[in-house]
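Here are the chains, one letter per residue:
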Amino acid sequence: MTSVDTATIFDIQRFSIHDGPGIRTTVFFKGCTMNCRWCQNPESIRPGKEMAVYVDRCIGCGMCGHVCPTGAIPADRPGRIDWRICDSCGLCAETCPAEALVLVGRTITADDLLDDCLADRSFYNVSGGGVTLSGGEPVMQSDFLRGFLPLLREEHVSVLLETAGNYAYSKIDALLPMLDHIYYDFKLPGPEEYRTMTGGDRELILENLAALKKGTVPVTVRMPVLPGINTAPEQIARIGRTLRSIGIHEMQLLPYNPFWESKLPRLQTEKRPLMLSDKNIDYRHIADALEQIGIAAQFPARHPGTQDAL
Amino acid sequence: MSVQPSPSLQAQENHRIRLDQLKAFPENQRLKKIRQDILDSGYHLCTQKASLMTDYMKRNDPQPKWLEPLRRVHYGLYGNSMKKAAKGMPQRTWQIAANNLLNRFYQRCQPFSPSENQLCFAKAFRHILDNMELKVYDQELIVGNPSSHRVGAPIHPELGGLLMLPEIDRLDTRPNNPIPIDAAQRRELKEEIFPFWFNRSVLAFAPLYTKNPELFSQTTEGCYFILTQFAGISHVTPDYPRVLRMGFNGIKEKIRHHLDRMPDTRGNRATEERRAFYEAALITAEAAIAYGKRWSRHLTEQAAAEKNPERGAELAALADMFRRIPAEPAATFYEAVQSLFITHVMVHGENFQHGVSFGRVDQYLYPYYIKDLETGILTTEKALEILGCFIAKAGELIPLFFDRATEFFSGLSSASGLTLGGCLPDGSDGVNELSYLFLHAYDQVRLRQPNFHVRVHRDTPAPFLTLCADVLKKGGGLPAFFNDEQVATALVNSGFQEDDAADYSIVGCVEWGVPGKSFPAAGAVFINLPMALHLALHNGKFGTKAFGPPTGTALDFQTMDDIIGGFTTQLRHMLAIAAEGNDAIEKAHARHRPTPFLSTLVEGCIERGIEVNNGGAIYGTVGCQGVGLADVADSLSAMDELVFRKKRLSLAEMLGAVDSNYEGREDIRQLIANKTSKYGINRVEADRWARIVSGIYTRAVFQHKSPRGGPYLGGFWSMTTHQGFGVRTPALPSGRKAGETLANGISSVNGRDRLGPTAAMASAAKIDSGLIGNGCALNMKINPDQIQGEEGSRLLRWLIRGYFDMGGCQVQFNIIDPAILIDAREHPEKYRDLVVRVSGYSAYFNDLTDAMKDELIDRTLHSSRSLCGC
């Protein structure tokens, strides 16, 4: 087995307080094995770097058109990209003074990432926090993580993985000794819905969850509440029964946030706004329904093990 | 582990029970009423002290009568030139010279020696205390009115009060901080008080102590630096515990003890002055005792006239108390708090109301508290009520600033600090029941003052910090937090004894001083750091005017070291002028406005026989604040990155854009804004510049020595000078345009802390704190959504702890919803009690200038954006 020295990430978010216990730094890995229609980070799905355009920031200086080697930026429309031609080289983003053109994704070495992850160590120590791996699907870069996570372990930094589980078990198995907690998404009731709306394999995801559940790393199952997509009573019941059948007794409900739709115009993407709203969703009602099946559902999501470190 | 003896276990249990009780106390109706009365009373100019002092001095006037015609003519001309200066027409050089010449002449004609002067001001103080109006307000359990109004702004003509001269006619109608003034006051000021003092105040005398006649007009321009001490020095934590411990009878004895041992003084001027100081101090101590007796008589009368028997009994109890205090040591907790406050009132009968602080109140009041609880004459609930009354009292004084000063010191805070918690001499934790009680009492009063400061160290109990967070979360910006380890180290590096450094308390806003031993002049000087950079990059010139030595222009700088060299040269030059100016002001205070009463409350003065303005205190330092640190750091970072490392621009091109205020060069401004590292996002490229600049600054400041013997100490806090300086500062290489506000304290430039609070704190922790002897302020803006409930309090605690573990010195939070601020700007009448954190202090939002209101809204919006998690 070989490990990889660099990762492709698209953000490092300090002071994350909703992605695990305490104060955390969340690293967003680029690339995903699924492609959910409601993906909160639509810029995370492709594994490679890609361009994003913030039209409102453009000051019309035209420098992007001058530097673009492929001619994807027309001279009369600075700041607009012809996606058919653009090869995401990022030269325009480097030049653009106004951050109207942004290259999403960067390559980072394990050492540099470690520095960023240790910057808030004082805050992890006092809060019981640590690093959260998110994305994208971090496990897609498991070859990198196999080399990187031991560095965090050496520094006694706790690591939490957020994953959707759609990959061969061997990918995550190698990481388990270096993880302190797993947040595992389970999104939809049936295999067909999984396939058409996320591109994921429900059976694989369930198998992996069942296998992880038997291990020593604590797993918290989380279900994104998707108004009208997985909120019908029979859907909730089916999800609950499925999870119950593999020995899950607790889960978290993630409230729906439509913020991702505002990202779409900036990206080259097939995704369309879903116009969903959780205005008519009664989270308590969903939790009660799950309770009936024997699953204690928490909302809003809160890390069950949040400890007071002081 | 040894077994604790049972009484101690019992005491611990009682302690726990009482703390639990505290949480359940209902709203105290008395405190509610007092709070409302103070909020309802409005502000008023107070001329009582000015009037009494003028009255006394006129009768004992040392200036010969034959000077009167000359003085009259001079006053007329002086008044005109002051009015012109207020309209932006600075005095001409010859006017300044003529004015100084005349003032020097008066000084010559003044026959009073320094000794006679001391005695004269001591007697004037006695006259003030003997005649000040005594007022007891409804329901209050702690009495003492520092002004003749419920909320008053005393004017001090013998200090810098003449600066108000051009504004007296429109004081009640001026746009910022209007203060009601009545016709009689206006007449008295214009006809009696100002004409008497205009040529014998600190303001008049200070220029005579420098060789640079234009120095003080530079000061009032407010481009390069601000000198504040015309207004008075104050900024001190008097040795109030001394009064509680020995009473003024004891202090009198102490003075007499030294006086009796004075050798024959005839012919020896120094000894003669020492003797005069002791005599003056004795007069003030006796005046303090007499003042207590007056209160006793007054309260007895009030009690007799009171119809409500319950209130009558309260007043009679106070009257009885004043038969003993402040002459005798305090016997009970109630007496201690009352004696403390009445002494605070007396200090303000002599001194300007700014930064006179209470010190470690929970420590020195605790023995009285616990004794009274044990003997059963006090309950926790009663103690809370007494403390609440005391806290409310501190809100009755506001400073009086002239218009330009309001720009730099908006918010009308007289910045009385009060310190809780912290290490004890043996290194153990000092948090006690009173520390909790003070916070609970504040929670019920919630006025702008006093400033609550909490000392934090490794063993500060989590429940105490949680209570701090709970109090803080409700808005108001109090308390602020200080890291014992860092502060004590900075003080030791600045020349303080280790045990004194460990006993520090906060003076005023954020300044650290040793209670009872320092006379730190903590608010003396404010330096505009970005102007030093501007001068460095423009050969010492600002516009066409040469201010600093020539240090080259764009073409001369080959490396960042060259630029830093130029910056250092300009900064040193600026500091030298500012220090010369401040020294002159301090010499004027020392010679012309001694404060013998305050001297009885600062250790070292009686012991050495030296008045406090003349260097009697154990520590006689001067505070000198650098403003706009982040702007300089970001400017250096931008030049380093774009010009020297990435070579995307030449320095000439970059400075060309800066000097055109980025007109037509928005591309360069955006490039700087978006493509260079900034201080506040924890990037080493920018943080190292903040560290370098903070080190250069504090070391350069430390080179200067005050006439009172101690060093100048650097600090990084700004009150609202970052606004005032900002208006006058041209565009900077940081991407900041001309006139925009500067960064406050050690905070990042507004909106640039895009990675949230932990990254901003990590940047701030990199500041070179080794020689920050006069405090620094890190302002964190937190959106209330982030910190709801128990988890929210925990989050605040984590931020404080984490920051201090990284080596941070101080942090304060403004927790306020931007929507509320926006509404308050539109509807001030709905938000009279809205308290916000400004810089090192809290203020009513309505008292801020419009520019400052906008800035706060802007800052708060930024914080909610950067924390939204997207």
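Residues numbered from 1 in each chain as written. Chains lettered and ligands numbered in written order. Predicted model: local features only at pLDDT ≥ 70, side-chain atom pairs only at ≥ 80, totals over all residues. Heavy atoms only, no water.

### Considerations on the overall build of chain B
Spelled out, the test is: Comment: elements are numbered from the N terminus, with helices defined as DSSP H or I runs of at least four residues and strands as E runs of at least two. Here the radius of gyration uses the C-alpha set of atoms, whereas the globule reference equals 2.2 Å times the residue count to the power 0.38. Only protein chains enter the area calculation, which uses a 1.4 Å probe; residues under 20% of their type maximum are buried, those over 50% are exposed, and those in between are partly exposed.
When you go through chain B residue by residue, the secondary structure sums to 33 helices and 17 strands. Here the C-alpha atoms of chain B give a radius of gyration of 27 Å, agreeing with the 29 Å that 2.2 N^0.38 yields for 870 residues. In terms of its C-alpha atoms, chain B occupies a principal-axis envelope of roughly 80 × 75 × 55 Å. Across the 870 residues of chain B, 66% fall into the buried class.

### Some points on the interface of chain A and chain B
Going by this rule: Contacts are residue-level and defined by heavy atoms, with any inter-residue pair within 4.5 Å sufficient. Summed over both partners, the accessible surface that disappears when two parts come together, traced with a 1.4 Å probe, is what is meant by buried area. By definition, a salt bridge exists where a carboxyl oxygen of Asp or Glu is found within 4 Å of a side-chain nitrogen of Lys or Arg. Charged residues are taken to be Asp, Glu, Lys and Arg, nonpolar residues to be Ala, Val, Leu, Ile, Met, Phe, Trp, Tyr, Cys and Pro, and polar residues to be all remaining types, Gly included.
Each partner contributes residues to the interface: chain A has 27 residues there, and chain B has 32 residues. Around 2500 Å² of area is buried between chain A and chain B when both sides are counted, 61% of it from carbon and sulfur atoms. Viewed at the interface, chain B and chain A are joined by 2 salt bridges. Close ionic contact of E99 of chain A with R754 of chain B constitutes a salt bridge, the shortest N to O distance being 3.9 Å. Looking at the side of chain A that touches chain B, the elements that each hand over two or more residues are strand 1 (6-16), helix 2 (91-95) and helix 4 (121-127) of chain A. Counting residues per element, the side of chain A that touches chain B draws most heavily on helix 4 of chain A, which supplies 4 residues. Per-class residue counts for the side of chain A that touches chain B are 13 nonpolar, 7 polar and 7 charged.

### Brief notes about the pattern of salt bridges
Residues and elements named next belong to chain B. Summed over all chains, the structure comprises 70 salt bridges over all chains. Across the pair D443 and R446 runs a salt bridge, and its minimum N-O distance is 2.8 Å. The exposure class assigned to D443 is partly exposed, which follows from its relative accessible area of 23%. Where salt bridges share partners, they join R30, R311, E314, K382 and E385 into one cluster.

### Looking at the packing of helix 17 (residues 433-445) of chain B against helix 18 (residues 462-473) of chain B
Residue and element names in this part refer to chain B. This is how it is decided: Fitted lines through C-alpha atoms give the axes, limited to the stretch in contact for helices. The angle between two N-to-C directions lies from 0 to 180 degrees. Angle categories: roughly parallel below 35 degrees, roughly antiparallel above 145, roughly perpendicular from 65 to 115, and oblique for all the rest.
Running from amino to carboxyl end, helix 17 crosses helix 18 at an angle of 10 degrees, the nearest separation of the two axes being 10 Å. Put simply, helix 17 runs roughly parallel to helix 18. Where helix 17 approaches helix 18, its residues S435, Y436, L439, H440, Y442 and D443 are matched on the opposing element by P463, F464, L467, C468 and V471. In the contact of helix 17 with helix 18, the residues fall into 8 nonpolar, 2 polar and 1 charged.

### With respect to the sheet that holds strand 10 (residues 250-254) of chain A
All names here are of chain A. Quick note on the threshold: Should DSSP find at least two bridges between two strands, the strands are taken to pair.
Spatially, 5-1-2-6-7-8-9-10-11 is the arrangement adopted by the 9 strands of the open sheet, whose pairing is mixed. Every other strand in the sheet has two partners, leaving strand 5 (106-109) and strand 11 (296-298) as the edge strands with one partner each. Across this sheet, the average inter-strand angle for adjacent strands is 35 degrees, counted without regard to direction. On the sheet, helix 3 (residues 110-118) packs against strand 1, strand 2 (24-29), strand 5 and strand 6 (130-134) and is oriented at approximately 85 degrees with respect to strand 5.

### What to know about the packing of helix 15 (residues 380-393) of chain B against helix 17 of chain B
Residues and elements named next belong to chain B. For the record, the criterion: In this scheme, a crossing is called left-handed if the near helix is turned counterclockwise away from the far one by less than a right angle; it is called right-handed if the turn is clockwise.
The interhelical angle for the contact between helix 15 and helix 17, taken along N-to-C directions, is 60 degrees, at an axis separation of 8 Å. Classified by the interaxial angle, the pair formed by helix 15 and helix 17 is oblique. Note on packing geometry: the crossing formed by helix 15 with helix 17 is right-handed. Contact with helix 15, carried on its side by T380, A383, L384, L387, G388, F390, I391 and A392, involves L434, L437, F438, H440, A441, Y442, Q444 and V445 of helix 17 and no other residues of that element. Broken down by class, the residue content of the contact of helix 15 with helix 17 amounts to 12 nonpolar, 4 polar and no charged.

### Regarding the environment of N493 of chain B
All names here are of chain B. Rules: Any pair of nitrogen or oxygen atoms within 3.5 Å is treated as a polar contact; in protein, a donor-acceptor pairing is required on top of that, and neighbouring residues in sequence qualify only through side-chain atoms on both sides.
Tracing the backbone through its elements, the reader meets N493 in helix 19 (residues 484-493). Look at N493 and you get partly exposed, because its relative accessible area is 40%. A sequence separation of 102 residues divides N493 from I391, and the C-alpha atoms of the two residues are 34 Å apart. Other than its neighbours up to four places away in sequence, N493 contacts F702, G770 and L771. Side-chain polar atoms of N493 contact the backbone oxygen of G770, separated by 2.8 Å.

### What about the domain arrangement of chain A?
All names here are of chain A. Note the cut-off: Each domain's limits were defined by an automated method or a database of domain assignments.
Parsing chain A into structural domains produces domain 1 (6-47 + 106-298) and domain 2 (50-104). Listed as interface residues are 7 residues of domain 1 and, on the opposing side, 7 residues of domain 2. A buried area of about 760 Å², summed over both sides, lies between domain 1 and domain 2, and 55% of it is on carbon and sulfur atoms. On the surface where domain 1 and domain 2 come into contact, there are 2 salt bridges. With a closest N to O distance of 2.4 Å, R46 and E50 form a salt bridge. Summed over the shared surface of domain 1 and domain 2, the result is 3 residue pairs in polar contact (both at pLDDT 80 or more). Looking at the side of domain 1 that touches domain 2 residue by residue, the classes come out as 2 nonpolar, 1 polar and 4 charged.

### Topic: the confidence of the model for chain B
Residue and element names in this part refer to chain B. The condition is simple: pLDDT expresses, on a scale from 0 to 100, how confident the predictor is about each individual residue.
With 97% of its residues at a pLDDT of at least 70, chain B reaches an overall mean of 92. Throughout residues 864-870 the model reports pLDDT below 50, and contacts reaching past four residues in sequence, or to other chains, amount to 14 contacts. This prediction of the complex comes with two scores: 0.93 for pTM and 0.92 for ipTM.

### Here we look at a positive patch on the surface
Residues and elements named next belong to chain B. Definition in use: Residues with no salt bridge and a relative accessible area higher than 30% make up the patches, which join like charges within 9 Å and nonpolar side chains (Val, Leu, Ile, Met, Phe, Trp, Tyr) within 5 Å. Here the open area of atoms and residues is found with the Shrake-Rupley method and a 1.4 Å probe, where only the protein chains shown may cover a residue. Counting rule applied: Lys, Arg positive; Asp, Glu negative; His and chain ends not counted. In plain terms, the charge of a residue is placed at NZ if it is Lys, CZ if Arg, CG if Asp and CD if Glu.
A cluster of basic residues, K83, K84, K87 and R92, forms a positive patch on the protein surface. Looking at the element boundaries, K83 is found in helix 4 (residues 68-86). Its relative accessible area of 37% is what places K83 among the partly exposed residues.

### Things to note about a nonpolar patch on the surface
Taken together, the side chains of W66, L70 and F105 of chain B make up a nonpolar region of the molecular surface, amounting to roughly 320 Å² of accessible area. Among the secondary structure elements, L70 of chain B is positioned in helix 4.

### Digging into the nonpolar core
Note that soluble globular proteins tend to have their nonpolar side chains buried in a common cluster. Our working rule: Here, nonpolar core refers to any group of buried Ala, Val, Leu, Ile, Met, Phe, Trp, Tyr and Cys residues whose side-chain atoms link them within 4.5 Å.
If you look at the biggest cluster of nonpolar residues, it comprises 279 residues, and the most contacted ones within it are F333, L365, F481, W512, I527 and F813 of chain B. By residue number, the principal contributor to this core is helix 22 (residues 560-592) of chain B, which donates 13 residues. Counting 69 residues, the second largest nonpolar core, distinct from the first, contains V131, L133, L176 and L209 of chain A.

### Description of the state of the cysteines
Selection criterion: When two cysteine sulfur atoms lie within 2.5 Å, the pair is treated as a disulfide.
For the coordinates displayed, the defined rule picks out 0 disulfides over all chains. In this structure C64 of chain A is a free cysteine whose sulfur lies 6.2 Å from that of C61 of chain A, the closest cysteine sulfur available.

### Section: the environment of G129 of chain A
Residues and elements named next belong to chain A. Position of G129 among the secondary structure elements: in the loop between helix 4 and strand 6. Residue classification places G129 among the buried residues on the basis of a relative accessible area of 8%. In sequence terms G129 and L204 are 75 residues apart; their C-alpha atoms lie 31 Å from each other.

### Quick word on helix 31 (residues 789-805) of chain B
To be explicit about the condition: For a helix, the expected span equals 1.5 Å multiplied by the residue count minus one.
Here helix 31 of chain B contains 17 residues, and its C-alpha end-to-end distance of 25 Å stays within 8% of the 24 Å for a straight helix at 1.5 Å per residue. Phi turns positive one or two residues past the end of helix 31 of chain B, at G807 of chain B, with a value near 105 degrees.

### Here we look at the sheet that holds strand 3 (residues 225-227) of chain B
Residues and elements named next belong to chain B. As summarised here, the arrangement of the 4 strands in space is 3-9-12-13, forming an open sheet in which the pairing is mixed. The strands lining the two open edges of the sheet, one partner per strand, are strand 3 and strand 13 (712-715). The sheet shows a mean angle of 20 degrees between the axes of neighbouring strands, taken without regard to direction. For strand 9 (residues 525-528) and strand 12 (residues 622-627), the ladder comprises 4 bridges, and the chain directions are parallel. Bridging across to strand 12, N528 finds its partner in V627. Contacts between helix 29 (residues 721-728) and the sheet are confined to strand 3, strand 9 and strand 12, with strand 9 contributing the most and set at about 40 degrees to the helix.

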